[in-house]
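What follows is each chain in one-letter form.
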Amino acid sequence: MNFETVIGIEIHCELKTNTKMFSGAAVDFASEPNTNTNEIDLGMPGILPSVNKEAVASALRTCYALECEIDPLIKFDRKNYYYSDLPKGFQITQQFYPIGSHGKIQIETELGKKEIRINRIHMEEDTAKQLHQIEGSFINFNRAGTPLIEIVTEPDMSNAKEAIAYVEKVRNMLYYLNVSDCKMEEGSMRCDINISLRPYGYPELGVKSEIKNLNSVSNVQKSIEFEIERQSKILLSGGQVEQATRRFDEASRSTVLMRKKEGAVDYKYFPEPNIFPIRLDANWIEKIKNTLPELPSERKSTYTQYGLSDYDADILVQTKEVSDFYNEVVTHTKEYKLVANWVIVEMMAFLNKNNIDIHKNPLSPQYLAIMVEMIQAKEISGKQAKIVFEEMMNGKDPRKVVEEKGMKQLSDTSAILTLIQSVLDANPQSIEDFKNGKDRAVGFLVGQVMKASKGQANPAMTNKMLVEELKKR
Amino acid sequence: MNFNDVKNKDIKTACEESLSLAKASQAKLNAVVSFVEVEQQVKELSNKNANSPLFGVPIVLKDNVSTKGILTSASSRILSNYIPIYDATITKKLKEAGAIVIAKSSMDELGMGGTNLNAYTGKVNNPYDVNRISGGSSGGSAALVAQGVVPFAIGTDTGDSVRKPASYCGIVGVKPTYGRISRYGIIPYASSLDHVGYFTTNVSDASSALEVLAGRDDLDMTSSNQEVQAYSKLLDSNVAGKKIAILVNVQEAIEDTTITNSFNHIMNTLKEKGAIVEEVRMNDDYMKALLPTYYVLSNAEATANHSNLDGVRFGVREEGADLVEIMINSRTKGFSSDVRKRFVIGSYSLHVDNQEKLYKKAQKVRRVIVDELKTIMNKYDVIVASSSGTIAPLPNQKCGEDLSVSHLVAENHMLLGNFSGFPSMSLPQVMVNKMPVGISVMAKAFDEVNMFNIAKAIEEITGLENIVVGGDE
């Protein structure tokens, strides 16, 4: 490949508010089509918009998380175009004065860490949802007017891996912020990719294609890979890439031309006259800043301070619910590493194997903490713990399980010593073998002590004491 | 007819009489789009506020005021079958106050015009001389009040659309401060200039009506939280010490000596009563710039505001091969050529290549004009001028297309009230050849009290109160 790839991404994300961006109708996609609408969402004559304060709060949270500069004077503009999914004939957006600008976010790929600059974050309203069937086109206005934020990067990414890392990182962050459910497959988060190629070392950007409405991380990857190949072929054969808007066609795994730049719509943006500029109260902004939920990066750094590896910390924060669970467990115990192991390995495996949604996780964080403490106190062995864990997944108290199954480890030194003495007395040959340097004899004798204790003797303790006693003989 | 005339009659009789008068006047005035039956409304009066000045009063609404279940056409063909699913905020307020709607009145299509010649139901005639225009765009409402059909009618005022027909029809027309009356549910013309206004036959009725209509509405973010004052209780015609400014640019542009003589007489009498009357002059270029600036801004906003009128979800739909064709056909047939012309002009000034030199420039000019007006207004209680330089013109006169200085200034100065949002009203000044001409009073933002008080003083000087044409010709 002779070319450097330059990628910028626009993420559209539906906000998880109770009501719409500019009307009091409920936001709920699951309900019957066209039930969560009112005259405002339907664009009836005479309606006026009222700004949803909770949506502004969500946008502010996102701005803080992406380290943006905040414009405390909120202004909206009209974007004019005719389409059946846009009942007013214009969309209310923030073209001229976005709420946030000049932000940044750090991503990590196998090539290392990289900072992606955020150009802007702005608020707008979603359009209605269209369904094209054989009998005709159907429009569901439940989605019309849903609050959206759009996050636009600078052209700072140079391959599909970075693009994916960025999308996943932002998605996870928005999820932690509780501003969106971020379900790409359901359309609550969509990506537009701007991609162009240029010879390495060239200062100027090449001509870009915009790929619209990508609804999965995998499609982001496929469309970028396809575009790189398509554009380099054109360039290598001496052609020129045409500036155009394209879409990704899943069936052919290729990008398809939607419209060329020359046919671009003039949206005739102008300030929305029905919403005066809103000066955000400094105290309110401060309150939102101070009550910002903990972000994945912050949690990760807490975890590494706990002594977890980068790898383990990453796995924990990857899924907010898993991280939440972990945090709950470690309010009951300081065995951070051991808890992480049980959460990452056993719990995740169990949920996967039984196809249980993390939201329906039957494991009690407190029980897991108790069990981990028992392991640490050598009251039960690791092997026993696995049995206890299975029972805990049925909601059982680990203390009960241990008691019922008679698992309690013998850690009483005098009791263990008595067992050791009687085992040694019964096996003089093994003592002889030990003296002759046959280490295997120790294993045999520990096994005998364990057997005599019905498996309840603490194996480590037994081993240590047994060797001491052998030396005395 | 005034509020007291109604109070002395049985409500049902009064309202039925009023409806009959409206029907009887239709052949003469052509002012009504829809008649509304009163029986049910009168029955529902028992749970309404009997202390309201509008209790049991028959009223007329301009046909751009949304009325649930009742045709609201805004005198446009495209809406000639449109029945709203909701009530405008003022419709609700008037119902609560016990007002009885007897008719929806004709207007210039979508509020675009100053003549009421451009309504899909045909032109509205002036009650004093049916060969002359009523003025517009609230011509139907003005004509019905002037005819003596109702003592109160709602109008809207984007560029003097209440005050100019009030002047031509010899009644009181009020446009309060921008944000004083909710615009929710009013089919708009140009949102930043649109005001709800109204007509009465005397200043006292005008002052009490505002108490019913004014107030914050959460559905209109531009509506004000300022307290609604007791305008009728505070009504006081004592002008001693009041500072009154004469806008000389207007007076100099008026050629009719009957009008200038009457104006001077009123001013001299106000002086004798202790008012401080001074001449003020706005920059002449600004005065001449009012109309072109208005034309650019109002049509730009209008082209977006009316993008929802596409025949797809409501209104008259013309068939077409696809969605775009349906929209084009519906809009082409649904609007008059004058309205289409205005959309083209509005769209042209918002076009990305023209915005800077047209739309944005017009916004700047508006600001400069308002800044100068504010400087003057701050030194006075009110600014006064003749509402018009002539009596109501004949339909074949150049109504509105005239770019002479006298027309630009004398006939368009009331735009100052729309540009600034300052409260402004017109009341009868003098009869010229049996045709009325008004005088306008403008005050500081939210200082309707001074506006009404000085208007009351003028009304006492002219004696032109409660003048209606009557129904016997």
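What comes next concerns the included structure. Small disclaimer: the values here were computed from a predicted structure and weren't measured.

For the structure shown, the criterion picks out 18 aromatic pairs over all chains. On the numbers, 6.0 Å between centres and 35 degrees between planes, the contact of A:Phe276 with B:Tyr178 is tilted. Here the residue A:Phe276 occupies a position in the loop between strand S15 (270-271) and strand S16 (278-279), and B:Tyr178 occupies one in the loop between strand S7 (172-175) and strand S8 (195-200), the pair thus bridging two chains. The partly exposed category is assigned to A:Phe276, whose relative accessible area is 40%. Put simply, the rings of A:Tyr81, A:Phe96, A:Tyr267 and A:Tyr269 pair up and form one aromatic cluster. Positioned over the ring face of A:Phe90 is A:Arg78, at 4.1 Å from the centre of the ring. The ring of B:Tyr380 has B:Lys243 lying over it, and the distance from NZ or CZ to the ring centre is 5.4 Å.

Moving on, we get to the pattern of salt bridges. Close approach of charged atoms allows side chains with opposite charge to pair. In the structure shown here, the tally under the stated rule is 49 salt bridges over all chains. In this structure, B:Lys333 engages B:Glu318 in a salt bridge whose closest nitrogen and oxygen atoms are separated by 3.8 Å. A residue pair is termed long-range when its members are at least 10 positions apart, and B:Lys333 in helix H11 (residues 323-334) and B:Glu318 in the loop between helix H10 (284-305) and H11 qualify at 15 residues. Classification of B:Lys333 as exposed rests on a relative accessible area of 52%. Residue classification places B:Glu318 among the buried positions, given a relative accessible area of 15%. Where salt bridges share partners, they join A:Glu14, A:Asp126, A:Arg143 and A:Arg190 into one cluster.

Residues and elements named next belong to chain B. Across the sheet, 11 strands lie side by side as S1-S3-S2-S6-S8-S7-S12-S13-S11-S9-S10; this open sheet has mixed pairing. In this open sheet, the two strands that pair with only one neighbour each are strand S1 (32-35) and strand S10 (276-280). The sheet shows a mean angle of 30 degrees between the axes of neighbouring strands, direction not considered. Pairing between strand S11 (residues 382-386) and strand S13 (residues 435-443): five bridges, direction antiparallel. Of the residues in S13, the one forming a bridge with Val384 is Val441.

Calculation rules
- Residues numbered from 1 in each chain as written.
- Chains lettered and ligands numbered in written order.
- Predicted model: local features only at pLDDT ≥ 70, side-chain atom pairs only at ≥ 80, totals over all residues.
- Heavy atoms only, no water.
- Phe/Tyr/Trp six-rings, centres within 6.5 Å; stacked < 30°, edge-to-face > 60°.
- Helix = DSSP H or I, 4+ residues; strand = E, 2+ residues; numbered from the N terminus.
- Buried < 20%, exposed > 50% of the residue type's maximum accessible area, 1.4 Å probe, protein only.
- Lys NZ or Arg CZ within 6 Å of the ring centre and 35° of its normal.
- Salt bridge = Lys/Arg side-chain N within 4 Å of Asp/Glu carboxyl O.
- Pairing = 2+ DSSP bridges.
- Axes fitted to C-alpha atoms, helices over the stretch in contact; angles between N-to-C directions.

That's the geometry; what it means functionally is another story.
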